[in-house]
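Breakdown of the fold
Residues per chain, in single letters:
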Amino acid sequence: MTASVIVVIASLLVADRACGFCETPPPPKDHLKLQENVTSRIRTFSGLKPIASQADAMLSKLLSAKSPVILGWIEKRDLATKADDEIVREWREYYARNFILNRYPQADAPVNAAIEALFKDVNDAFATPAFRAKMSSLFEKSKATALSVLAKQPLQDAEKKAIVARVGAVQLYWMKDFKSSKFKAQPLEFLDWGIAYDPVANEINMGVNALSYPNDETYLAVFAHELGHAFDSCRWGAFFEGAWPFQKVGECLRGQDSAGALKRDDSQLEVLQKQGKLSSDLAVGLKQNPTCNKAVYPPIGTQADQLPESFADWFSTETMASMEGLNLLQMRLDLCVLRELVAGSSYPENRKRLDQIYFAHPKLRPGRSDLKSKSAVYCGF
Ligand SMILES: [Zn+2]
């Protein structure tokens, strides 16, 4: 491809992003710096003797067996034409992440010590006192506004009390010591994820990508979205009594003029159960909670239910519309990216989330003359 063709394509991409939409600002410098830091630390870690020798042994075994898994791995990363030492280095890093970090603790004490040191270093660079203080203040503001929004919703007293109690109890979860943290069971959730609600602990996990958001308005909206997950259509069944009181909002979010939130595709449910890949307990639980998506169902490529994510965006919108003195056109600029979603994603596409949920709110819509769909319906309670 010639340079001029590349320029034309690049300008078309930029034009498409800017035209009728918004633009995500470049990632914050602190975030880029931390990403580099994490990459280089994992590179060093993956070169440690006990890890590198395990990785190399597995690589030569897979290569000599011409394993389709390893050939696919090489192809996916465009490594086929690369020098052997580059392939080995990439493989060691992959192996370190997925077979060493992910299986902590190992039988090898020095490897465990190296993992603990790696997480301590990354966490020291990530959760600085200044960043924690900033997040805590934005989170508290989001939570206080979310509680005031809930107070105004036409809910029955008992429901309101239960929701307010659960939302009011949500705390941010920061890793202190890796060894005793919840991330030791899923270390990659710390390294690869950002701000994510954990329903069992009723906490919002703070992973390394929490540094990636572009401005305060976006942080406030992201925290409000996570608080919405505390009582979304899926979690309601597990943590509350009676029918989900936001059914009407949910039906509206399913509509094409709103988010068009897709339903879970249950066509594989019985097949997988018959094949013994899904326990009957789990199948019953899934049928009782038709908007829940679990790790085992729906499988990748099969449509997940989009209502919990759409509802969390809706609650975030309600919360943001109640805040004064902010430049709300700045909020959720992280969603301006025209990202291709994996098939069956539990999220509606970014454009719909912004256009048909956030900026469909009558208070937030003015000023958004750039919106593609002029007829987005806002789902009132
Ligand atoms: Zn979410």
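Residues numbered from 1 in each chain as written. Predicted model: local features only at pLDDT ≥ 70, side-chain atom pairs only at ≥ 80, totals over all residues. Heavy atoms only, no water.

1. Digging into unusual backbone geometry
- The omega angle of the peptide bond from Tyr104 to Pro105 is -10°, so this bond is cis rather than trans.
- Tracing the backbone shows Pro105 in the loop between helix H5 (84-100) and helix H6 (109-126).
- Between Tyr297 and the following residue, Pro298, the backbone shows a cis peptide bond with an omega angle of -5°.
- Among the structural elements, Pro298 can be located in the loop between helix H14 (280-288) and helix H15 (307-321).
- Of note, the phi angle at Arg332 is positive, near 55°, even though the residue is not glycine.
- Among the structural elements, Arg332 can be located in the loop between H15 and helix H16 (350-357). (Helix = DSSP H or I, 4+ residues; strand = E, 2+ residues; numbered from the N terminus.)

2. Notes on the domain arrangement of the protein chain
- For the protein chain, the assigned domains are domain 1 (29-125) and domain 2 (136-360).
- When each unit is reduced to the centre of its C-alpha atoms, the spacing between domain 1 and domain 2 is 31 Å.
- The interface is formed by 16 residues belonging to domain 1 together with 14 residues belonging to domain 2.
- Here domain 1 packs against domain 2, burying approximately 1,500 Å² in sum over the two surfaces, 69% of which is carbon and sulfur. (Domains from an automatic or database assignment. Contact = heavy atoms within 4.5 Å. Buried area = accessible area lost by both parts, 1.4 Å probe.)

3. Re the nonpolar core
- In this structure, Phe126, Ile204, Met206, Phe223, Phe231 and Trp314 are the most contacted members of the largest nonpolar core, which totals 91 residues.
- When residues no more than four places from it in sequence are discounted, the contact partners of Phe223 are Met135, Leu138, Phe139, Ser142, Leu172, Ile195, Ile204 and Met206.
- Formed by 6 residues, the second largest nonpolar core is a distinct cluster that contains Leu269, Leu272, Ala283 and Leu286. (Core = buried A, V, L, I, M, F, W, Y, C linked by side-chain atoms within 4.5 Å. Buried < 20%, exposed > 50% of the residue type's maximum accessible area, 1.4 Å probe, protein only.)

4. Some words on the packing of aromatic side chains
- One pass over the structure, following the stated rule, counts 25 aromatic pairs.
- On the basis of an interplanar angle of 45° and a centroid distance of 5.9 Å, the ring pair of Phe119 and Phe190 is categorised as tilted. Here Phe119 is found in helix H6, whereas its partner Phe190 is found in helix H9 (residues 187-192), with 71 residues between them in sequence. For the pair Phe119 and Phe190, a shared accessibility class is recorded, and that class is buried.
- An aromatic cluster is present here, built from Tyr104, Phe119, Phe126, Phe131, Tyr173, Trp174, Phe178, Phe183 and Phe190 joined pairwise through their rings.
- In this structure, Arg166 packs its charged tip against the face of Phe239, placed 3.8 Å from the ring centre.
- In this arrangement the basic side chain of Lys182 is found over the ring face of Tyr173, its NZ or CZ atom lying 4.3 Å from the centre. (Phe/Tyr/Trp six-rings, centres within 6.5 Å; stacked < 30°, edge-to-face > 60°. Lys NZ or Arg CZ within 6 Å of the ring centre and 35° of its normal.)

5. Focus: helix H3 (residues 49-64)
- Here H3 is 16 residues long and its end C-alpha atoms lie 22 Å apart, about the 22 Å a rise of 1.5 Å per residue gives.
- Among the residues of H3, those classed as buried are Ile51, Ala52, Ala55 and Leu59. Angular distribution of buried residues about the axis of H3 spans 90°; they occupy a single face of the element. For H3, the exposed residues set more than 90 degrees away from the buried face come down to Lys49, Lys61 and Ser64.
- Buried residues along H3 sit against helix H2 (29-46), helix H4 (68-76), H5 and H6. (Expected span 1.5 Å × (residues − 1). Arc of directions from axis to C-beta.)

6. A short note on the sheet that holds strand E2 (residues 195-198)
- Strand order in the open sheet made by the 3 strands is E1-E3-E2, with mixed pairing throughout. What marks the edges here is a single partner per strand, and that holds for strand E1 (171-173) and E2. Neighbour-to-neighbour, the strand axes of this sheet turn through a mean angle of 35°, independent of strand direction.
- Here 3 bridges tie E1 to strand E3 (residues 203-206), and the two strands are oriented parallel to one another. Bridged to Tyr173 within E3 is Asn205. (Pairing = 2+ DSSP bridges. Axes fitted to C-alpha atoms, helices over the stretch in contact; angles between N-to-C directions.)

7. Side note on the environment of Ala165
- Structurally, Ala165 is set in helix H8 (residues 157-169).
- Sequence separation between Ala165 and Leu155 is 10 residues; the distance between their C-alpha atoms is 14 Å.

8. With respect to the packing of helix H7 (residues 129-152) against H15
- At a minimum axis separation of 9 Å, H7 and H15 run at an interaxial angle of 95°. Classified by the angle between their axes, H7 and H15 sit roughly perpendicular to one another. Residues Ser142, Thr145, Ala146, Val149 and Leu150 of H7 form the contact with H15, whose participating residues are Phe315, Glu318 and Thr319.
- Grouping the constituent residues of the contact of H7 with H15 by class yields 4 nonpolar, 3 polar and 1 charged. (Parallel < 35°, antiparallel > 145°, perpendicular 65-115°, else oblique. Nonpolar A, V, L, I, M, F, W, Y, C, P; charged D, E, K, R; others polar.)

9. Observations regarding the pairing of E2
- Neither face of E2 is open: one carries Ile195 and Tyr197, the other Ala196 and Asp198, and all of them are buried.
- Note: E2 against E3, 4 bridges, orientation antiparallel. Among the inter-strand pairings, Ala196 is bridged to a residue of E3, identified as Asn205.
- Linking two consecutive strands that pair antiparallel, namely E2 and E3, is a turn of 4 residues; a positive phi of about 55° is found at Asn202 within it.

10. Brief notes about the pattern of salt bridges
- Considering all chains together, one arrives at 16 salt bridges under this definition.
- Here Asp121 ties to Arg41 by a salt bridge, and the two come within 2.8 Å at their closest N and O atoms. Of this pair, Asp121 sits in helix H6 while Arg41 sits in helix H2; the two residues are 80 residues apart in sequence, bridging distant segments of the chain.
- Residue class for Arg41 comes out partly exposed when judged on its relative accessible area of 30%.
- Note that Lys120 is salt-bridged to Asp124, the shortest N-O span being 2.7 Å. Of this pair, Lys120 and Asp124 both sit in helix H6, separated by 4 residues, roughly a single helical turn.
- The exposure class of Lys120 is exposed, given its relative accessible area of 52%.
- Take Asp124: its relative accessible area is 43%, and that puts it in the partly exposed class.
- Bridged by salt links that share partners, the residues Asp313, Arg332, Asp334 and Arg353 form one connected network. (Salt bridge = Lys/Arg side-chain N within 4 Å of Asp/Glu carboxyl O.)

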